[in-house]
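The lines below spell out each chain.
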Amino acid sequence: MRRKVIAGNWKMNNDLKETQNLISKLSAGLSNSEVNCDVIVCPPFTSLSEAYALLKDTKIKLGAQNMYFESSGAFTGEISAAMLKSVGCEYVILGHSERRNIFGESDELINSKIKKAITSGLKPIFCVGELLEEREAGIMEEVIKRQVKAGLEGVSSDDMSKLIIAYEPVWAIGTGKTASPDQAQEVHALIRNLIKEKYGAPVSEKIIIQYGGSVKPDNAKELLSQKDIDGALVGGACLKADSFIGIMQGA
Ligand code: PGA
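Calculation notes
Residues take numbers from 1 onward in each chain, read along the sequence in its written order. Local features in this predicted model are restricted to residues whose pLDDT is 70 or higher, and side-chain atom pairs enter the listing and the counts only when it is 80 or higher, whereas totals over whole chains, interfaces and linings include all residues. Side-chain measures were taken over the full set of non-hydrogen atoms in the model, leaving aside hydrogen atoms and water. In this description a helix means any DSSP run of H or I spanning at least four residues, a strand means any run of E spanning at least two, and both kinds are numbered starting from the N terminus. Only the C-alpha atoms count toward the radius of gyration. The rule for a globule is 2.2 Å times the residue count to the power 0.38. Relative accessible area decides the class of each residue, using a 1.4 Å probe on protein chains only: under 20% of the type maximum gives buried, over 50% gives exposed, and in between gives partly exposed. In what follows, residue pairs with any heavy atoms lying within 4.5 Å of each other are defined as contacts. Reported accessibility uses the Shrake-Rupley method at a 1.4 Å probe radius. Residues are deemed covered only where the shown protein chains occlude them. A positive count includes Lys and Arg, and a negative count includes Asp and Glu. His and the chain ends are not counted in either. Here the site of a charge means atom NZ of a Lys, CZ of an Arg, CG of an Asp or CD of a Glu. Proximity is defined per residue: if any heavy atom of the residue lies within 4 Å of a molecule or strand, that residue is considered near it. Within 3.5 Å is the distance limit for a polar contact, defined as a pair of N or O atoms, with the added protein rule that one can donate a hydrogen and the other accept it, and that residues adjacent in sequence qualify only through two side-chain atoms. Residues are grouped as follows: Ala, Val, Leu, Ile, Met, Phe, Trp, Tyr, Cys and Pro are nonpolar; Asp, Glu, Lys and Arg are charged; all remaining types, including Gly, are polar. Each axis is a line fitted through C-alpha atoms, and for a helix only the stretch in contact is used; angles between axes span 0 to 180 degrees, taken between their N-to-C directions. Any angle between 65 and 115 degrees counts as roughly perpendicular, while under 35 counts as roughly parallel, over 145 as roughly antiparallel, and the rest as oblique. Each helix crossing is assigned a hand: it is left-handed if the near helix lies turned anticlockwise from the far helix by less than a right angle, otherwise right-handed if that turn is clockwise. In this scheme, a helix's expected span is set at 1.5 Å multiplied by one less than its residue total. A strand pair is defined by DSSP finding two or more bridges across the two strands. By convention, orient the strands away from the viewer: a clockwise path from the first strand over the helix to the second makes the crossover right-handed. The directions from the helix axis to the C-beta atoms form the arc being described.

### Here we look at the overall build of the chain
On a plain count of helices and strands, the chain comes out with 11 helices and 8 strands. In terms of overall dimensions, the chain is globule-like: its C-alpha atoms have a radius of gyration of 17 Å, near the 18 Å expected for 251 residues. Counting only C-alpha atoms, the chain reaches 45 × 45 × 35 Å along its principal axes. The proportion of buried residues among the 251 residues of the chain is 52%. A separation of at least 24 residues holds for 73% of the contacts in the chain among residues at least 6 apart in sequence. Of the roughly 11,600 Å² of accessible surface on the chain, 51% is carried by carbon and sulfur atoms. Here the chain holds 30 positive side-chain charges and 32 negative ones, and the gap between their average locations is 4 Å.

Listed below in structure tokens is the structure:
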């Protein structure tokens with residue numbers, strides 16, 4: 001039985017004050033709720049340090065939304081894995097579709113980041129997902145296979161226990177269009193099978209595969225009850241404590 005993992009991707013939202021507000025509402029709300037899952041929040045870089053201080057005595061874990069694969073040096077605007085560790089991050093989202101599609105990140109770049117995160121002691125939340133036109137062109141499987149294969153190139157079987165995969169169909173992100181539980185389950189099973197082919201059943205049965213794309217309190221329970229859906233990566237609905245907690249209650 002895999003324990004569900006619910007992660008909140010704040011994206012480019014919340015300054016310092018808003019961070020303090022949201023985290024205090026979240027921890028207050030959680031102390032009054034029955035929640036039986038692991039919880040991760042991923043604020044923007046500028047809020048990580050403050051978030052860490054506020055989360056220290058809670059069960060909520062901290063993650064970042066991106067990092068660069070080099071250790072240090074002349075990479076203006078970038079953040080290293082060690083920097084994220086130094087402000088208390090345990091997780092880092094890598095390969096998010098907004099990084100792939102707005103900032104042009106390639107499978108190879110994402111793979112370098114995944115390997116660097118792991119060797120630095122950070123757990124990647126590795127995102128994959130097809131565009132609407134790829135689904136409509138009937139190449140969804142091919143795209144998912146390519147992203148999974150390239151992203152995990154050179155990642156050992158032991159290291160797979162340090163990684164979460166998130167399936168996020170790009171057409172469902174921030175659009176209000178959720179994949180149906182069946183549609184999501186189909187791709188989750190495909191991903192688990194790819195992991196099984198490469199690493200064997202013990203690894204594929206343990207790996208956490210989250211679903212992301214317009215997850216809300218009213219659709220979370222059904223999505224999360226699918227056999228191969230082990231959690232959610234939540235964007236919009238994690239910006240309000242009530243709705244984020246409502247999603248956790250569906251886990
Ligand atoms: P959404 O975003 O929940 O707002 O669709 C999900 C994500 O991009 O991780």
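After that view of the structure, there is still more to cover.
### A few points about the site of the ligand
Near the ligand lie 13 residues; those nearest to it are Lys11, His96, Glu168, Gly174 and Ser214. Take lysine 11: an N or O atom from its side chain is 2.7 Å from an oxygen atom of the ligand. Residue glycine 174 places a main-chain N or O atom 2.6 Å away from an oxygen atom belonging to the ligand. Counted by class, the shell around the ligand contains 4 nonpolar, 7 polar and 2 charged residues.

### Description of the packing of helix α1 (residues 16-31) against helix α11 (residues 241-249)
It is the contact of α1 with α11, at a shortest axis distance of 9 Å, that shows an interaxial angle of 40 degrees. Of the possible angle classes, the one that applies to α1 and α11 is oblique. The handedness of the crossing between α1 and α11 is right-handed. Note on element contacts: α11 touches α1 through Ala241, Phe244, Ile245 and Met248, opposite Leu22, Lys25, Leu26, Gly29 and Leu30.

### Examining helix α7 (residues 140-151)
Between its first and last C-alpha atoms α7 spans 16 Å; for 12 residues at 1.5 Å apiece the expected length is 16 Å, and the two agree. Buried within α7 are the following residues: Met140, Val143, Ile144, Gln147, Val148, Ala150 and Gly151. Buried residues in α7 make contact with α4 (97-101), α5 (107-119), β5 (123-128), α6 (132-136), β6 (164-167) and α8 (181-199).

### Some thoughts on the pairing of β6
Judged by which residues are buried, β6 turns out to be covered on both faces: Ile164 and Ala166 on one side and Ile165 and Tyr167 on the other are all buried. As paired elements, β5 and β6 share 4 bridges and run parallel to each other. Each bridged residue has a counterpart across the sheet, and for isoleucine 125 the counterpart in β6 is isoleucine 164. In this sheet, strand β7 (residues 208-212) lies alongside β6 in parallel orientation, the contact comprising 4 bridges.

### Observations concerning the pairing of strand β4 (residues 91-94)
Burial along β4 is two-sided: the face carrying Tyr91 and Ile93 and the face carrying Val92 and Leu94 are both buried. For the segment spanning strand β3 (residues 61-64), helix α3 (residues 81-86) and β4, crossover handedness is right-handed. Two strands pair when backbone bridges link them, and β4 and β5 are joined in this way by 4 bridges, in the parallel orientation. Bridged to valine 92 within β5 is proline 124.

### Structural notes on helix α2 (residues 45-55)
Here α2 has its buried residues at Ser47, Leu48, Ala51 and Leu55. The arc enclosing the buried residues of α2, seen along the axis, measures out at 120 degrees, which places them on a common side. Tucked inside the fold, the buried residues of α2 contact α1, β2 (38-42), β3 and α3.

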